[in-house]
Amino acid sequence: MRIAGPGRISELFILASVCSDVRRVSPFPVTLWGQLRRQSPRYTLGVGLLGLYQYSQYWFDTRLQIAVDAATKGNRELALTLGVSLTLVALGAFFVRVWSRVAMFNGGRIAEYELRQTLLERLHALGPSFYRRMSTGQIMTRVTNDLVQVRMLLGFAILNLVNTVFGFISTFSVMLGISWKLTLASLATLPLLTLVTMRFSRQMFGKMRSNQEAIGKLSERVQSSIAGVRVVRAFGLEGREQSEFQKNNLDYLEKNLSLAKLRGAMGPVMQGITSVGILIVFWFGGYLMLKGEISSGGFLAFYRALARLSWPLMALGFLVGLVQRGRASYARLTDIYSAVPDVVDGGKTLPGKLRGQLEVRDLSFKYGEAEILRHVCFELQEGASLAIVGRTGSGKSTLAILLARLEDTPRASVFLDGVDICDLPLATVRGAVGYAEQTAFLFSTTAGRNIGYVLPDPDTELALQTIREAAKEARILDEVLGLPDGFDTVVGERGVQLSGGQKQRIALARAFVADAKILVLDDPLSAVDARTETAILEAIDRQRARRGLILITHRVAAAERCDQILVMDQGRFVERGTHAELVKASGLYSIFAEEQRIERELEILSQEGSNAVAVGT
Amino acid sequence: MTEVATAQSKGRAEEKLKAFHEEASFGKAYDGRLLAKLWPFVRPYQRLLWVAVIVILVSAFGSLARPLVMKHAIDEGVLSGNEQVLMNAGFTLAFIAVMEQILLFVQTYAVQIAGAKSMADLRGAVFRFLHGLRQGFFDTQPVGRLVTRVTNDVDAIQEIFASGALNAVGDLVRLIGIVILMVMLDPKLSMIAFAATPLVGAMVVFVRRRLRESFREIRAKTAQMNATMSEQVNGMAVVQAFTQKEAAAREFDRINVSYRDANVRAIKYESMQDAAIEMVGAVCLASIIAALGYHSVSFGTIVAFNAYLLMFFEPISALAQRYVLLQSAMTGAERVFSLLEVEAADAPKLPNSTEPSDKSAAFSLENVVFGYKPERPVLHGVSFSAKRGEKLALVGPTGSGKTTIASLLLRLYDIQQGSIFVQGRDVRGFSREELRANFSVVPQDVHLFPGTIASNIASGEPDLARVEKVLRQLQAWDMLASRPLGIQARIEERATNFSAGERQLIAFARALYRDAPIVILDEATASVDSDTESRLQKAVEELLKDRTALIIAHRLSTIRAADRIVVFQTGRVVESGSHEELLRHGGLYAKLHSLQFAKDHIEPRGATPASTRT
């Protein structure tokens, strides 16, 4: 009681109020207080049931006392009636206990579910500046460890808080009703249980954490050793790797054993305290019985009540740590819940049907201090094509990202059909401007579903046809069909490994299926050979009636096909015109053209005489 | 028709995805074959396990004795007014209780030591095994999967020990003992308790199966949920670019919901299980008391019965959880041992070695035919050799097979035809350590290991004085030792705290420290800016001094130091000779050279340095 006093309860509420200014996107509340309130019907039911359960236990013990006394005094009728009603109460207590657990633990589980779902939705709404701040690893720790701590707080902790209070009332009523002396004697050791649990649970948590860190280091070591296996071999480092690994392995072993020792000690120490407590009661109770101060029924009832008391005492010890950790974890979760999205929907709509005309006016952009784009201007008419050519680091990719507002595009710089894209809903902008990136990211699902990523139901006949068509246009169909399960082959990070070029073409097919009015391709074919690239660009040309194209590339041969070419250098356009014009102008573009002509020749040289496929190592 | 086809295709994709996600599926809970494979690792620590078994048995008997002592104390002490008996019984009980707890600690700790140590050994064995596999194996396996074998899968096996599977022995003895003792104490009363047993049995069967299913699903869904979450975070740009927030959230919600529901089910069955055990104990007690009036029995017997009843149903609750852990342990063992069954040893010493035509060469290739897949050769009958101390350059377009040559000299792969000789001996006649001791390699992509600059330069325990000497020789000391911790500076994950140039210098230092007779530079300066390149140029000169060298190069400028140039094209040697000879010859090299020259020439403005990266 002392430890779980009102101070602790109010703590729960303080954590709630800290975070009440969090903005809400989803219908689920993300504050602890909000969740407590939302789950309150379950909690209320649970509290009622726990009270009823503990009362039934009180009833059982006190009637047990009467029944045993009656039986020993030969009152067999009373013993029989009571025995039958005790059986019925035990049966009833079963259901009450199950329901109380279900009601309260479900509250915690449902809260966890809602918090997790909201977390994902928040993450979807957050822009790149957030992801530059927080790494995937940090996010995942929050989703896994921290959320579990919060759930423990909302389920386990609350249940046991309530149960402990009722349990104390129930057991002490039984015990004090039998003998205050014996009750006092039982208190000689039992409160120790709470203190010991508190200590153990704190240490346990610390050790579990360092155990996790040790396995983390171990797997980093293995990861690095396997990723660098060529170096290991070339330098004969097998022995060194072995001994480095062994260091981590032994460290993990040590952490393991120290955790094992604590775990191994925890049970015996706590059971030891419990049994010593029970022994004292047995002993002293026996003595009191001998003196005739308590009856044999009283002895048995006291004994049972005491056995019921040990768990609430231990739970109390756990609670302290749970509340502390739950609070710290929740604070870490608010890093995500309270992050403000930098790219948000605008309120306007397009004046009419989407035409697909894009205009960039005086666009400048910085990352921190570094100026990436300086006063960029251009216009893309409906169904026209435009190439942006430049070296690595000239700002091309940043420009592409800004066009689809995947970064925080400055106001009044990019206009879609004459409307500032910052004033339009994100869905409208990104639906109109389809973007395919250079480093193709595929999800760990089937090839077909990756291509049909935007389709609401990728399994209908029509969808399958669309997917197939897009794969064909992106020149990946044959290779997909050659995979172990064709379109049903699972690809992506954890699936079948594809080459860079294959990934790029699947990502391109995905962009084709999305069927945006303007297609922005950020060097999407850098890992594809020139012949395939030409075929793909021809396919895009054929769809020109349907959509405009902005092609960001370092290849002159690809840029050549576009109506207009812009040459970018150090964040600004230095040349613009058609291929023929630019080659004549003998500027940067003509240098690229000459360089690439030579490279092309080198490539042809290397292909001469043999059509064997070169395998890189 | 269409609907049927759709249903089929949907079924197929779902099936593949399901099969894919079920990597976390479960096998049998018991598999003798796997246990037999596990045994050699446990054997060194078997004494601990025997100690544990004995301790478990002893403490089982102790806990069986306790209620008997209580009965004695009540019947002969309390009810007979004999304080001495009560006193003595109290001491006996205290002794048993304390001993029992001490033994419990000894037992759990002993089992855990045996488990943790044997699994550390297994982990070491898997790691060692991996390093003995041939390079081709790693080309087809995702790194993450292999890491999992060493870490998570072995941990799953360790759960057998941590979960106290051995306690089942004690539980069994205890159950049998309780039955015997209860019958001996009072056959009629014990019948009441046993009458409840079929009920409990039915309940246990009912609850346990469902509980097991829920636990299993929770495990699988947890893995799937975390994987999906981290993938959506990694692919956030794609989710946002295609405005698939809703669809992605829906997909996640499906998993999240089934995770929640599996947990909700587990909660229900778990609390049913706990409550049932409590209820059965209470009902048994109540029935005994109801019968008490008609069947007189000592109060001590009732107390003892109550104590036995509390013990009787307890072990059952641990069963379901243990069963699931056992299953996942077996799955882990299955994966680990099927990896250990892979037969692909790296560079074993073979008897069929041949003699070279020129014994004085530092290394030579004779009619080498090789393909990563034998049906697709990348080298078609390659022959060339390097004299001791000669600097040989390999030149050719990308993909012509140059890097492959380096791999073959180290015998990372075995060739299909021909022979390769190092220091006058067939590479197949060496042990792999002996062969590779001849080479220092500087690769294009430098791999740095977790540790410090010094530990990355030295192989084994770093000799700091020598590391310093090497770095000074390369004129790289100022650059690398300028950090607060000097050459003891830690390398962060993925070496993000080192620039490409610094990494390359570390690789040069590593090669120089090794001091092997043959140096292989594999496009070693391709990925650094021109400023660093000039610095590296000096390092190259230093490294190559008095050694045989194979310089693989893209840029012709880096091969000026070479005595002789071998020109490669699509897996064949097309020309070889000195720079001048080859230019005079007017073949591929001359063409490459003029093109390169032209390319260098059209950059008069030095255009844009890659200083502003996006």
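### Focus: the overall build of chain B
Helix and strand counts for chain B stand at 21 helices and 12 strands. Counting across all 614 residues of chain B, residues that qualify as buried make up 44%.

### Focus: the overall build of chain A
The helix and strand tally for chain A stands at 21 helices and 10 strands. Scaling as 2.2 N^0.38, a compact globule of 617 residues should have a C-alpha radius of gyration of about 25 Å, whereas chain A reaches 35 Å, well beyond that. C-alpha extents for chain A along the principal axes are approximately 120 × 65 × 50 Å. Buried residues in chain A amount to 49% of all 617 residues. The long-range share in chain A, meaning contacts at least 24 apart out of those at least 6 apart in sequence, stands at 76%.

### As for the domain arrangement of chain A
What the domain assignment lists for chain A is domain 1 (28-177) and domain 2 (358-607). Domain 1 of chain A and domain 2 of chain A are separated by 55 Å when their C-alpha centres are compared.

### Quick look at the nonpolar core
Formed by 358 residues in total, the largest nonpolar core has its most connected members in B:I289 and B:A509. Of the residues forming this core, the biggest block, 23 residues, is contributed by helix α10 (residues 245-292) of chain B. Excluding its chain neighbours within four sequence positions, the residues that come into contact with B:I289 are A:L64, A:A67, A:V68, A:A71, A:A79, A:G83 and A:L86.

### Quick look at the interface of chain B and chain A
If you look at the interface, chain B gives 134 residues, while chain A gives 147 residues. The biggest single contributor to the side of chain B that touches chain A is helix α4 (residues 83-131) of chain B, with 24 residues. Residue classes in the side of chain B that touches chain A are distributed as 72 nonpolar, 40 polar and 22 charged.

### Let's talk about the environment of B:L544
All names here are of chain B. The topology assignment puts L544 in helix α19 (residues 530-544). Put simply, L544 and G389 are 155 residues apart on the chain and 9.0 Å apart in space, counted from C-alpha to C-alpha. Not counting chain neighbours up to four residues away, the residues in contact with L544 comprise K391, V519, A549 and A561.

### Quick word on the environment of B:L325
All names here are of chain B. Note that L325 resides in helix α12 (residues 314-340). Along the sequence, L325 and E231 sit 94 residues apart, while their C-alpha atoms lie 27 Å from each other. Non-local contacts of L325, meaning those with residues more than four positions away in its chain, are made with E159 and S163.

### A word on the packing of helix α3 (residues 46-78) of chain B against α4(B)
Residues and elements named next belong to chain B. For the pair α3 and α4, interaxial distance at closest approach is 8 Å and the crossing angle is 165°. By the angle between their directions, the pair α3 and α4 is classed as roughly antiparallel. Handedness of the crossing formed by α3 with α4: left-handed.

### What to know about the sheet that holds strand β10 (residues 548-553) of chain B
Residue and element names in this part refer to chain B. Reading across the sheet, the 6 strands line up as β6-β9-β10-β3-β11-β12 and stay open at both edges, with mixed pairing between neighbours. Two strands close off the open sheet at either side, each with one partner strand: β6 (439-442) and β12 (572-577). Going from strand to strand, the sheet's axes swing by 20° on average, the running direction of each strand aside. With 5 bridges joining them, strand β11 (residues 564-569) and β12 adopt antiparallel strand pairing. Its bridge partner lying in β12, F568 is registered against V573. Packing against the sheet, helix α13 (residues 402-409) makes contact with β3 (391-395), β6, β9 (518-522), β10 and β11, and its axis sits at approximately 150° to β10.

### Quick notes on the packing of helix α10 (residues 238-290) of chain A against helix α11 (residues 296-337) of chain A
All names here are of chain A. It is at 10 Å that the axes of α10 and α11 come closest, and there the two elements cross at 160°. Judged by the inter-axis angle, α10 sits roughly antiparallel to α11. Considering only the axes of α10 and α11, their crossing is right-handed. Seen from α10, the contacting residues are M270, T274, I278, V281, G285 and M289; seen from α11, they are S296, F299, F302, Y303, L306, S310 and M314. Grouping the amino acids of the contact of α10 with α11 by side-chain chemistry returns 9 nonpolar, 4 polar and no charged.

### Regarding the sheet that holds strand β5 (residues 419-420) of chain A
Residue and element names in this part refer to chain A. Ordered by their spatial adjacency, 4 strands build an open sheet running β2-β1-β4-β5, and the pairing between neighbours is antiparallel. With partners counted over all chains shown, the strands left at the sheet margins are β2 (370-380) and β5, one partner each. Direction of pairing for strand β4 (residues 414-416) relative to β5: antiparallel, over a ladder of 2 bridges. Paired with L416 across the bridge in β5 is V419. Its contacts with the sheet place helix α12 (residues 396-403) against β1 (358-367), β2 and β4, and it is angled at close to 60° to β2.

### A closer look at the domain arrangement of chain B
Residue and element names in this part refer to chain B. By the assigned domains, chain B splits into domain 1 (28-185 + 320-345), domain 2 (187-296) and domain 3 (361-601). Of note, the centres of domain 1 and domain 2, computed from C-alpha atoms alone, are 24 Å apart. Of all the elements in the fold, those that place two or more residues in the side of domain 1 that touches domain 2 are α7 (167-185) and α12. With 5 residues, α12 is the largest single contributor of residues to the side of domain 1 that touches domain 2. Looking at the side of domain 1 that touches domain 2 residue by residue, the classes come out as 5 nonpolar, 2 polar and no charged.

### A look at the confidence of the model for chain B
All names here are of chain B. The pLDDT averaged across chain B works out to 83; a share of 89% of its residues lies at or above 70. Low confidence marks residues 1-7, where pLDDT is under 50. Its contacts with residues over four positions away, or in another chain, come to 5 contacts. For residues 604-614, every residue scores under 50 in pLDDT, and the model assigns this stretch 19 contacts once sequence neighbours within four places are set aside.

### Section: the pairing of β9(B)
Consecutive residues of a regular strand have side chains that alternate between opposite faces of the sheet. All names here are of chain B. Taken across its 5 residues, β9 has 4 buried, putting it largely inside the fold. Bridging between β9 and β10 involves 5 bridges; their strand directions are parallel. The residue bridging D522 from the neighbouring strand is I552, located in β10.

### Focus on the confidence of the model for chain A
Detailed conclusions should not be drawn from predicted coordinates in areas where pLDDT is low. Residues and elements named next belong to chain A. The share of residues in chain A with pLDDT of 70 or more is 92%, and the mean pLDDT across the chain is 84. The low-confidence segment residues 1-25 (pLDDT under 50) makes 32 contacts with residues lying over four places distant or belonging to another chain. Confidence drops under pLDDT 50 across residues 609-617; counting only partners more than four residues distant or on other chains, this segment forms 15 contacts.

### Some remarks on helix α4 (residues 76-125) of chain A
Since one α-helical turn is 3.6 residues long, residues separated by three or four positions face the same way. For α4(A), built from 50 residues, the straight-helix expectation of 74 Å at 1.5 Å per residue is met to within 8% by its first-to-last C-alpha distance of 73 Å. Taking burial as the measure, the 50 residues of α4(A) include 36 buried ones, the bulk of the element.

### Focus: the pairing of β1(A)
The sheet contact formed by β1(A) and β2(A) spans 7 bridges and is antiparallel. Paired with A:L358 across the two strands is A:L380, which belongs to β2(A).

### Let's talk about the environment of A:T62
All names here are of chain A. Inspection of the secondary structure assignment puts T62 in helix α3 (residues 40-72). You can call T62 partly exposed: it has 18 C-beta atoms within 10 Å. Separated by 362 residues in the primary sequence, T62 and L424 place their C-alpha atoms 72 Å from one another. Sequence-distant contacts of T62, defined by excluding residues within four places in its chain, comprise V174, G177 and A301.

Quick notes on the rules
Residues numbered from 1 in each chain as written. Chains lettered and ligands numbered in written order. Predicted model: local features only at pLDDT ≥ 70, side-chain atom pairs only at ≥ 80, totals over all residues. Helix = DSSP H or I, 4+ residues; strand = E, 2+ residues; numbered from the N terminus. Buried ≥ 20, exposed ≤ 12 C-beta atoms within 10 Å, placed from the backbone. Rg over C-alpha atoms; globule rule 2.2 N^0.38 Å. Contact = placed C-beta atoms within 7 Å. Domains from an automatic or database assignment. Core = buried A, V, L, I, M, F, W, Y, C linked by C-beta atoms within 7 Å. Nonpolar A, V, L, I, M, F, W, Y, C, P; charged D, E, K, R; others polar. Axes fitted to C-alpha atoms, helices over the stretch in contact; angles between N-to-C directions. Parallel < 35°, antiparallel > 145°, perpendicular 65-115°, else oblique. Left-handed = near helix turned anticlockwise from the far one by under 90°. Pairing = 2+ DSSP bridges. pLDDT = per-residue confidence, 0-100. Expected span 1.5 Å × (residues − 1).

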